[in-house]
Amino acid sequence: MLVTGAARQLGGRFVRRVQCEPGVDRVIAVDAVEPAHELGGAEFVRADIRQSALARILAEHAVDTVVHLDVSGKALGAGGRTAIKETNVIGTMQLLGACQKSPAVRRLVVKSSTSVYGSASRDPAVFTETTPPKSLPSGGFAKDAVEVEGYVRGFARRRPDVAVCVLRFANILGPRPDSPLADYLSLPVLPTVFGYDPRLQFVHEDDVVDVLGIAAGEPRRGTLNSGTFNIAGDGVLLLSQCSRRLGKPTVPVLLPAVTWVGSALRTIGMTDFSPEQIRLLTHGRVVSTVQMRETLGFRPKFSTAETFAEFARSRGPGLLPPETVGRAVDRLAALPLPGGAGPRERGAGAVQTTHGAR
């Protein structure tokens, strides 16, 4: 088995975990930088997936399973948005080209994101895996994920003998998160879009590692681990609920000024606070996880609320007691809008009931 993105926290955890699985003889961990964590008995190969060395590595080790985790919204160490996009898109192209040439490869698992659905005012209440987005992402990591999935579909058509599994993860949180949304939620004060209270879903780091193990192995009896699956914890949280539980005040910003706020946040290192990230914090996004449960056969240990609680505990206390933030948010939500309208709408805040979206 070959795993890309091994220097990332999730990649390292998966490498250590998968070595214990029956039927896994050897794990080749690949990344462009040396990992700061232990990889157990895995063999680390320092290689940039944007280069052509992957074909040699696959052939040399007769790799039959490839798990592509080096698709991310954040760079490791120094590197801006251009470096991230090159790794996500060009790196995926190079990896798929190497896999196509290798007759030994029989299974491919790709880490993707529910951001491929975008976030728009006319979105359905719940996205299924086959729901087309109302508006394709125009930039940032979301656009990268769309391009990555397009290349993966092309590879699947050219190599129908390879079992391909694409996992679309909701926002990944936990005690050690590594994502632009986690950076946003770690700010001392949370800028929000005035008049909107988006619904959000989260998936726990532990569940990410567990489902990757299911996708990378032989399918269990009565299940199928080839195809595309939404991966998220049960339930949803409103952004206002997140701010309360973190004990952090929010600063509502009028929509025309949000782009300026995003630019300001990028200057302090939040490289993927892109227009797509802003749309998520405006309209939210909820996905169905029926296929995850019924076809893939995976049930997360953590709900969205439990995942967020783990994240909140890892961040420490906020500026204000959660009860104080909650009362302030409630008072703000009850204020009438200018022009005599009723109380502020919560954007896509009405909670729909479905598997993974209660």
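For the structure itself, look to the data block above.
Since the structure is predicted, the reported quantities are computational estimates derived from the model, not experimental observations.

Novice: Where do I start with the overall build of the chain in this structure?
Specialist: Within the chain one finds twelve helices and 13 strands. Restricting the contact set of the chain to residue pairs at least 6 apart, pairs at least 24 apart contribute 80%. Accessible surface, the chain as shown: approximately 15400 Å² in total, 55% of it carbon and sulfur.

Novice: Is there a simple way to think about the pattern of salt bridges in this case?
Specialist: Should the charged atoms of two oppositely charged side chains come close, the side chains can pair. What the rule picks out here adds up to 18 salt bridges. Here Arg13 ties to Asp206 by a salt bridge, and the two come within 2.6 Å at their closest N and O atoms. Here the residue Arg13 occupies a position in helix α1 (residues 9-18), and Asp206 occupies one in helix α6 (residues 205-216), the gap between them amounting to 193 residues. Among the residues examined, Arg13 registers a relative accessible area of 18% and is labelled buried. Two residues, Glu149 and Arg168, come together in a salt bridge whose shortest N-O distance is 2.6 Å. With Glu149 in helix α4 (residues 140-158) and Arg168 in strand β6 (residues 163-169), this residue pair connects regions lying 19 residues apart in the sequence. Here Glu149 falls in the buried class, since its relative accessible area comes to 5%. Residues joined by salt bridges that share partners form a network here, namely Arg17, Glu21, Asp210 and Lys301.

Novice: What should I look at first to understand the packing of aromatic side chains in this one?
Specialist: Two numbers describe a pair of aromatic rings. These are the distance of the centres and the angle of the planes. Per the counting criterion, the structure on display carries three aromatic pairs. Taking 4.7 Å as the distance between ring centres and 20° as the angle between the ring planes, the aromatic pair formed by Tyr117 and Phe127 counts as stacked. With Tyr117 in the loop between β5 (107-113) and α4 and Phe127 in the loop between β5 and α4, this residue pair connects regions lying ten residues apart in the sequence. The burial state of Tyr117 is the same as that of Phe127; both residues are buried.

Novice: When you look at the packing of helix α3 (residues 81-101) against α4 in this model, what are you seeing that I'm missing?
Specialist: To describe two helices that pack against each other, one gives the angle between their axes and the distance between the axes. Two elements in contact, α3 and α4, have axes separated by 10 Å at closest approach and are oriented at 5°. The angle between α3 and α4 falls in the class roughly parallel. Between α3 and α4, the contacting residues are Arg81, Ile84, Lys85, Asn88, Val89, Thr92, Met93, Leu96, Cys99 and Gln100 on the first element and Gly140, Phe141, Asp144, Glu147, Val148, Tyr151, Val152, Phe155 and Arg158 on the second. Its residues assigned to classes, the contact of α3 with α4 shows ten nonpolar, four polar and five charged.

Novice: I tried to follow the sheet that holds strand β4 (residues 65-68) on my own but got confused; where do I start?
Specialist: The pairing of strands in a sheet happens through backbone hydrogen bonds and is either parallel or antiparallel. Strand order across the open sheet formed by seven strands is β3-β2-β1-β4-β5-β6-β11, with parallel pairing between neighbours. Lying at the two open borders of the sheet, with one neighbouring strand each, are β3 (43-46) and β11 (227-231). Sheet twist, expressed as the mean angle between neighbouring strand axes with direction ignored, is 20°. Direction of pairing for strand β1 (residues 2-4) relative to β4: parallel, over a ladder of three bridges. Bridge pairing in β4 links Val3 to Val67. Where α3 meets the sheet, its contacts fall on β1, β4 and β5, and the angle it forms with β4 comes to roughly 175°.

Novice: What is the right way to look at the nonpolar core in this model?
Specialist: Generally speaking, soluble globular proteins have nonpolar side chains that are buried together. By size, the foremost hydrophobic cluster in this structure holds 31 residues, and its most contacted members are Phe14, Val67, Leu167, Phe169, Leu212 and Ile231. Among the secondary structure elements, those contributing two or more residues to this core are α1, β6, α6 and β11. Ranked by residues supplied to this core, first place goes to α6 with seven residues. Once residues lying within four places of it in the same chain are set aside, the contact partners of Leu212 are Phe14, Val67, Leu69, Val109, Leu167 and Phe169.

Novice: Just to check I follow, could you spell out helix α7 (residues 239-246) for this structure?
Specialist: In an α-helix, one turn spans 3.6 residues, which is why side chains three or four residues apart end up on the same side. Listed in full, the buried residues belonging to α7 are Leu239, Ser240, Cys242, Ser243 and Leu246. Projected down its long axis, α7 carries its buried residues within an arc of 160°, all on one side. Backbone geometry just downstream of α7 places Gly247 in the positive-phi region, at approximately 70°.

Novice: Help me out: how do you make sense of the side chain of Ser115 in this one?
Specialist: Tracing the sequence through the fold places Ser115 in the loop between β5 and α4. Since its relative accessible area comes to 9%, Ser115 is described here as buried. Aside from chain neighbours lying at most four places away, what touches Ser115 is Pro137, Phe141, Ala142, Ala145 and Arg285.

Novice: Explanation requested: the packing of helix α2 (residues 53-61) against α3 in the structure shown.
Specialist: Direction vectors running N to C along α2 and α3 enclose 40°, while the axes themselves pass 8 Å from each other. Viewed along their axes, α2 and α3 adopt a mutual orientation that is oblique. Helix-helix and strand crossings are classified by hand; for α2 and α3 the assignment is right-handed. For the pair α2 and α3, the contacting residues are Leu54, Ala55 and Leu58 in the first and Gln94, Leu95, Ala98 and Cys99 in the second.

What counts and what doesn't
- Residues numbered from 1 in each chain as written.
- Predicted model: local features only at pLDDT ≥ 70, side-chain atom pairs only at ≥ 80, totals over all residues.
- Heavy atoms only, no water.
- Helix = DSSP H or I, 4+ residues; strand = E, 2+ residues; numbered from the N terminus.
- Contact = heavy atoms within 4.5 Å.
- Areas by Shrake-Rupley, 256 points an atom, 1.4 Å probe, with all protein chains shown as cover.
- Salt bridge = Lys/Arg side-chain N within 4 Å of Asp/Glu carboxyl O.
- Buried < 20%, exposed > 50% of the residue type's maximum accessible area, 1.4 Å probe, protein only.
- Phe/Tyr/Trp six-rings, centres within 6.5 Å; stacked < 30°, edge-to-face > 60°.
- Axes fitted to C-alpha atoms, helices over the stretch in contact; angles between N-to-C directions.
- Parallel < 35°, antiparallel > 145°, perpendicular 65-115°, else oblique.
- Nonpolar A, V, L, I, M, F, W, Y, C, P; charged D, E, K, R; others polar.
- Pairing = 2+ DSSP bridges.
- Core = buried A, V, L, I, M, F, W, Y, C linked by side-chain atoms within 4.5 Å.
- Arc of directions from axis to C-beta.
- Left-handed = near helix turned anticlockwise from the far one by under 90°.

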